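In case you want the letters, here they are:
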Amino acid sequence: MAIDATQPYDDNNIFAKILRGQIPSTKVYDDEWAYAFEDINPQAAIHTLVIPKGRYVSWDDFSARASAEEIAGFVRAVGHVAREKGLVEPGYRLLANIGGHGHQEVPHFHVHIFGGHPLGPMLVRR
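Fair warning: this is a prediction, and the values are worked out from it, not measured in the lab. (Residues numbered from 1 in each chain as written. Predicted model: local features only at pLDDT ≥ 70, side-chain atom pairs only at ≥ 80, totals over all residues. Heavy atoms only, no water.)

A. Looking closely at the nonpolar core. Residues Val50, Phe62, Phe74, Val81, Phe109 and Ile113 are the most contacted members of the largest nonpolar core, which totals 16 residues. Where this core is concerned, the elements lending two or more residues are strand E2 (34–38), strand E3 (46–52), helix H3 (68–84) and strand E5 (111–115). Among the elements that make up this core, the one with the highest residue count is H3 (four residues). If sequence neighbours within four positions are ignored, Phe62 has contacts with Pro52, Tyr56, Glu70, Ile71, Phe74 and Phe109. (Core = buried A, V, L, I, M, F, W, Y, C linked by side-chain atoms within 4.5 Å. Buried < 20%, exposed > 50% of the residue type's maximum accessible area, 1.4 Å probe, protein only. Helix = DSSP H or I, 4+ residues; strand = E, 2+ residues; numbered from the N terminus. Contact = heavy atoms within 4.5 Å.)

Listed below in structure tokens is the structure:
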């Protein structure tokens, strides 16, 4: 079910619980700004999630409230994961779902990294 990205941060969301170690995950990357882990329901050969460690609901929330250090650290983490997975040369896709129309399901800002095979068109054409 899609969430309303304008609502306050929910400390009981699944990604907050993963950050607190209450729910297990397959760690790919971890530093002071970001945590990356494998998606439990992968939609591509490689499907990794990268989340900031701060309490941000969406891209909008993150871009408006995060410090410049947090933003830079998060962006660097996404690039690091893509490089470590060998995705730069063949290519990959980043996806951040925001709000209802974007079909955001977890109220914690996150980026999906997809790769490992050709991904097709960006959106299904109407």
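Following the structure, the description resumes.
B. Expanded view of the side chain of Asn13. Structurally, the position occupied by Asn13 is in the segment before helix H1 (14–19). Polar side-chain contacts of Asn13 include one of 2.9 Å to the backbone nitrogen of Phe15. A polar atom in the side chain of Asn13 sits 2.9 Å from the backbone nitrogen of Ala16. Asn13 has contacts with Val106, Pro107 and His108, leaving out every residue within four places of it along the chain. (Polar contact = N/O pair within 3.5 Å; in protein donor to acceptor, adjacent residues only side chain to side chain.)

C. The sheet that holds E3, seen in detail. Pairing is antiparallel across the open sheet formed by five strands, whose spatial order is E1-E2-E3-E5-E4. Either end of the sheet is taken by a strand with one partner, and the two such strands are strand E1 (27–30) and strand E4 (93–95). Neighbour-to-neighbour, the strand axes of this sheet turn through a mean angle of 20°, independent of strand direction. As defined by bridge partners, E2 adjoins E3 across five bridges and the pair is classed as antiparallel. Paired with Tyr35 across the two strands is Ile51, which belongs to E3. Strand contacts of H3: E1, E2, E3, E4 and E5, with the helix running at about 160° to E3, the strand carrying the most contacts. (Pairing = 2+ DSSP bridges. Axes fitted to C-alpha atoms, helices over the stretch in contact; angles between N-to-C directions.)

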